[in-house]
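A look at the structure
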Amino acid sequence: MSLAPEAIQAALQRVTVVSVTHHSAHCVPAMARTLSPFAQVVVVDNASDDDTVAQLAARIPQARVIASPVNLGFGVANNRALDAVGTTYALLLNPDCHIEPEAVAQLVATADAWPHAAIIAPQLLDAQGRPELNYGWLRWHWAGRTAAAQGPLCVGHACAAAWLLRCDDRAWRFDPGFFLYYEDEDLCARALAARAPVIIEPAATAVHANRGSVRGRSPARAEWLRGYHHSRSKVRFQ
C-alpha cells in the first residue's frame, strides 16, 4: 500500500523514536539520516567510552539525549526513554537499524487498525535485503522456521530491534531484571498473557545490521559480556 506524503507526515507526528546507544559513535551518521524525518527523538546513551554523545548532539539536533554515567542495560535504558515520550506511539529502533518513513506510517496504520495490540513490528531485513526470522511463537511451544508472513500476523514474540510500542498503557515496560537479551521476549509474553497482541506487519520493513551497534575500545571484552548476559538472561527467562 502506497501512502500519500501528507499521510506519512501525519503519522510521523504521532511517533517518538527511542534508541539506546553504547559505544555507538560509528552508527551515528547513519542514525542521523534515518532519524532526519522525525521531529521527536529520545536517545539514552549507556556510558559510551567514545564520542557517541557529542556526535548525537551535533548530528541529530532534534534529539533529547540522556547520557547515563553507567550502563543501565538495554531494557532499563529503553524504559527511561519511554518515560520521556508524550506521543501515542514510540518506535524503538536499534542504532544499527534503518527504516523508511513510509514503513513507519504503515506500522502506525496497522496499530490504528488493531487498537488492542501492544506491539507492531516490521519485517527485518539483513544488509543484503533478505528477510530475517525476527519473530516466532513462544519458544516453549514451538520454534519458527521461516519469515514468510503475507499480511499482519499475531505472533508470540518479535525482536525489539524495531518495535512500534503503544504508549497509552504505561504497563508495557521491560523487566529491569534483564540487562541484555530476552527482555523483548519477556515483554511479549506478558503482553500476550494480558491479551494484548504482538503483530508483525510484513508490509513494513527495516534493515538490521545485526550486532552492529556496539564497538568500543575492547571488542573481545564486548563479546565476552554479550555471552555472559545472554546466558544469564536465558536462565532468568526460562
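Keep in mind the model is a prediction, meaning the values are calculated, not measured.

What follows deals with the state of the cysteines. What the rule picks out here adds up to zero disulfides. Between C188, a cysteine without a disulfide, and C159, which holds the nearest cysteine sulfur, the sulfur-to-sulfur distance is 9.5 Å. Owing to a relative accessible area of 0%, C188 belongs among the buried residues under this scheme.

All chains considered together, the criterion is met by two aromatic pairs. Where W163 meets F174, the ring centres are 5.7 Å apart and the plane angle is 15 degrees; that geometry is what we call stacked. Pair noted here: W163 is in strand β10 (residues 162–166) and F174 is in the loop between β10 and α6 (183–193), with a separation of eleven residues, a long-range link. Judged by relative accessible area, which is 0%, W163 ranks as buried.

Turning to α6, a few remarks are in order. α6 sits mainly inside the fold: eight of its eleven residues count as buried. Residues of α6 that are buried: E183, D184, E185, D186, L187, C188, A189 and A191. Two residues or fewer past α6, R195 is found with a positive phi of approximately 60 degrees.

Now for the environment of T87. The residue T87 is located in the loop between α4 (74–82) and β4 (89–93) in this model. Residues T87 and R14, 73 residues apart in the sequence, show an inter-C-alpha distance of 5.4 Å. Setting aside chain neighbours within four positions, we find T87 in contact with Q13, R14, V15, T16, Q40 and C167. For T87, the side chain forms a polar contact with the side chain of T16, separated by 2.7 Å. Within the local environment of T87, its side chain forms a polar contact with the backbone oxygen of Y89, the two atoms lying 2.8 Å apart.

Here we take up helix α2 (residues 28–35). For α2, every residue scored as buried is listed here: V28, M31, A32, T34 and L35. Axial view of α2: buried residues confined to an arc of 165 degrees, hence all on one face. Buried-residue contacts for α2 involve β1 (15–21), β2 (41–46), α3 (52–59), β4 and β5 (97–99).

Basis of the calculations
- Residues numbered from 1 in each chain as written.
- Predicted model: local features only at pLDDT ≥ 70, side-chain atom pairs only at ≥ 80, totals over all residues.
- Heavy atoms only, no water.
- Disulfide = S-S within 2.5 Å.
- Buried < 20%, exposed > 50% of the residue type's maximum accessible area, 1.4 Å probe, protein only.
- Phe/Tyr/Trp six-rings, centres within 6.5 Å; stacked < 30°, edge-to-face > 60°.
- Helix = DSSP H or I, 4+ residues; strand = E, 2+ residues; numbered from the N terminus.
- Contact = heavy atoms within 4.5 Å.
- Polar contact = N/O pair within 3.5 Å; in protein donor to acceptor, adjacent residues only side chain to side chain.
- Arc of directions from axis to C-beta.

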